[in-house]
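Structural features, examined
Here are the chains, one letter per residue:
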Amino acid sequence: MAKQQMLRFVDLEREMPEKRPPDLRSEDFGEIYAEYGEEKAADQAGRCSQCGVPYCQTHCPLHNNIPDWLMMTATGRLQEAYELSQATNTFPEICGRICPQDRLCEGNCVIEQAGHGTVTIGSVEKYITDTAWEKGWVKPIAPMSERGESVGIIGAGPGGLAAADMLRRAGIQVTVYDRYDRAGGLMTYGIPGFKLEKPVVMRRIDQLEQGGVEFVLNCLVGEDITFDAIRGKHDAVLIATGVYKARDLTAPNANAQGVVKALDFLTASNRKSFGDDVPEFDNGDLDARGKRVVVIGGGDTAMDCVRTAVRQGAKSVRCLYRRDRDNMPGSRRETQNAEEEGVEFVWLTAPSGFVTDDAGNLTGVRVQKMRLGQPDATGRRAPEVIEGADYTEESELAIMALGFEAEDLPGLWGVPELSVTRWGTIKAKFNTHETDLPGVWAVGDIVRGASLVVWAIRDGREAAESIMTYLSAPARVAAE
C-alpha cells in the first residue's frame, strides 16, 4: 500500500472540506479510527516483518515491545498483547492516539522505509487497549501490601500520573496536587477531544483515584499551599508541573481584542466539551465560528488550533509559519490532516504586527514574507525577512501558538535553592530525575522543555523507580 494511501487508511477516509455542512461536529470528521476493528488490527499487525533489528522499538521513548505485541494481535492473542503493551506503557491507549508515530515507531518501520507503507502501530496499540477496557482486562490498582511512606506529586499531567500509578501499585501512599479542577494536565485541557477523547483520560484518572491516589485539585503551590509544606508532609516530592507560560510576541497591537493565546483557545474548547460554563467562549472571544482565523506557529499546538477552529465553524483558517514545510516542527501527519480539512498553510511568513479598527478589535495581521538563509546554531536554516514584501492578512481572530516556557518556580514557590537551567527548566539527573534538593525529583516538560506525552510518561516511570529505591535505602529504613 502506498504511503499516502496508508495515511488515509489510518485517518479513516475523512470527508473533504467542501462536502461538510456548515454546522460542524466531531462526528462529521470520522475521528479517531472509529471503524478500526479486530480484522483491521490483525491485518495490520500481520504486516510486521518481525525484523531482526526492531527500529520501531528502539525509536519508541518507552522501548515498547512492539514486534511481540503485534505478533500476538495478528494471531488473536489480544489479552496477551494488551498485557505486554501495558507492562512498559502506563497509558497505551493515550499514546496510540496522540503520539507522533510518523516521527517515532511508524516512521522507522522497515516496511515504511522500503516504500510499502508503515504498519499502523498506533492504531493497533489503541485498539488492543480499548478492547482491554471493554473486556475487563484492565485490572484495578490493588497493592499486595500497604507501605507507610508517602510521596507528593505536583502536577497531574502524564509524567505525574505515570509516577503515581507505579508508586501506588507498590503500596506507597500518593497525593497529587494540581492547579486545575480536573486532573490530566494538557491531556485534559490542551489536546483537543477529536484527537484524545476526554472519557479516555478520565477513566484512567478514575482508576488511579479508586486505587488510592489522592487528588488535591484547584491547588496552586505557592499560594494555596507552600512547597515547604508539601516537603514536610511527604517522604519524597516529585515536580511534574509541565510548562504553561506562553511565549509572547512583541509587535504593534499584540494585545488587541481578537489576539489570543493558544492554550486559552484550546482550554475553552475543551471546557465546553465537558459542559462547563465558559464566558469567554460564549461571548465569542474564544470561539472561531464565522471568523477568519490566523494561527501563528508551526508546532503540534498550532495544528491543534487550526483543526479546532475548523470544527468550530471558522469562515477560513490560515496558518502562518516562518519556515517552509520541510522545516516545520509539527507532525507531518497532522499537517496533512489539517490540509484535508481545508486549512491553508502560508509558508515563509511571520507576523510583524496587528491591525485594529477604531474600537481596538482585530481586523488583520501584518505579515512579513521570509526566505531561508544560512543554518543557525541548531543546524536549521534561519529565516530572513524579505524587505518590502509585507501585506495584511484579514482576520478577526489571531491565535498565538509560539510554544511554551517554564514558569519561575523557585520564585513562585519561594525556593531559591531549587536549581534551574538558563531556560528556567529544573535541573535534574538524566536517569534518576533527582534534583539538587534532597528527596525532590522532577520530570517531564518542566525538565525537558515542551516535549511529548510519551517522554513525560517515560520520565515519570523512571522517577518512580528511583523514588522507590530511595525510600527503601537501608540507611533510611534504619533511621526510621
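Predicted, not measured: the structure shown is a model, and the values here were computed from it.

Some details on the packing of aromatic side chains
- Under the defined criterion, the tally for this structure stands at 6 aromatic pairs.
- Ring geometry for W441 versus Y470: centroids 5.1 Å apart, planes at 70°, classification edge-to-face. Of the two residues, W441 is situated in strand β16 (residues 440-442) and Y470 in helix α19 (residues 453-471); the sequence distance between them amounts to 29 residues.
- The cationic tip of R179 hangs over the ring face of Y244; the distance from NZ or CZ to the ring centre is 4.6 Å.

Brief notes about the packing of helix α8 (residues 121-135) against helix α11 (residues 198-210)
- Packing of α8 against α11 brings their axes to within 13 Å, and their N-to-C directions diverge by 55°. Comparing their axes, α11 and α8 come out oblique. Handedness of the crossing formed by α8 with α11: left-handed. Residues T129, D130 and W133 of α8 lie in contact with α11, whose contacting residues are R203, R204 and Q207.

Description of the sheet that holds strand β4 (residues 236-239)
- What the 5 strands build is an open sheet, ordered β3-β2-β1-β4-β16; its pairing is parallel. Looking at strand neighbours, the two that pair on one side only are β3 (214-216) and β16, the edges of this open sheet. Put simply, the sheet's adjacent strands are angled 20° from each other on average, direction ignored.
- Examined bridge by bridge, strand β1 (residues 150-154) and strand β2 (residues 173-177) share 5 bridges and lie parallel to one another. Looking across to β2, one finds that I154 is bridged to Y177.
- Where α19 meets the sheet, it contacts β1, β4 and β16, and its direction lies at approximately 165° from that of β4.

A few points about helix α5 (residues 78-88)
- Those residues of α5 that sit buried are L78, A81, Y82, S85 and Q86. The buried residues of α5 occupy an angular sector of 125° when projected down its axis, which confines them to one face.
- Among the structural elements, α2 (38-45), α4 (66-74), α6 (92-98), α8, α11 and α19 are those in contact with the buried residues of α5.

Rules used throughout
- Residues numbered from 1 in each chain as written.
- Predicted model: local features only at pLDDT ≥ 70, side-chain atom pairs only at ≥ 80, totals over all residues.
- Heavy atoms only, no water.
- Phe/Tyr/Trp six-rings, centres within 6.5 Å; stacked < 30°, edge-to-face > 60°.
- Helix = DSSP H or I, 4+ residues; strand = E, 2+ residues; numbered from the N terminus.
- Lys NZ or Arg CZ within 6 Å of the ring centre and 35° of its normal.
- Axes fitted to C-alpha atoms, helices over the stretch in contact; angles between N-to-C directions.
- Parallel < 35°, antiparallel > 145°, perpendicular 65-115°, else oblique.
- Left-handed = near helix turned anticlockwise from the far one by under 90°.
- Contact = heavy atoms within 4.5 Å.
- Pairing = 2+ DSSP bridges.
- Buried < 20%, exposed > 50% of the residue type's maximum accessible area, 1.4 Å probe, protein only.
- Arc of directions from axis to C-beta.

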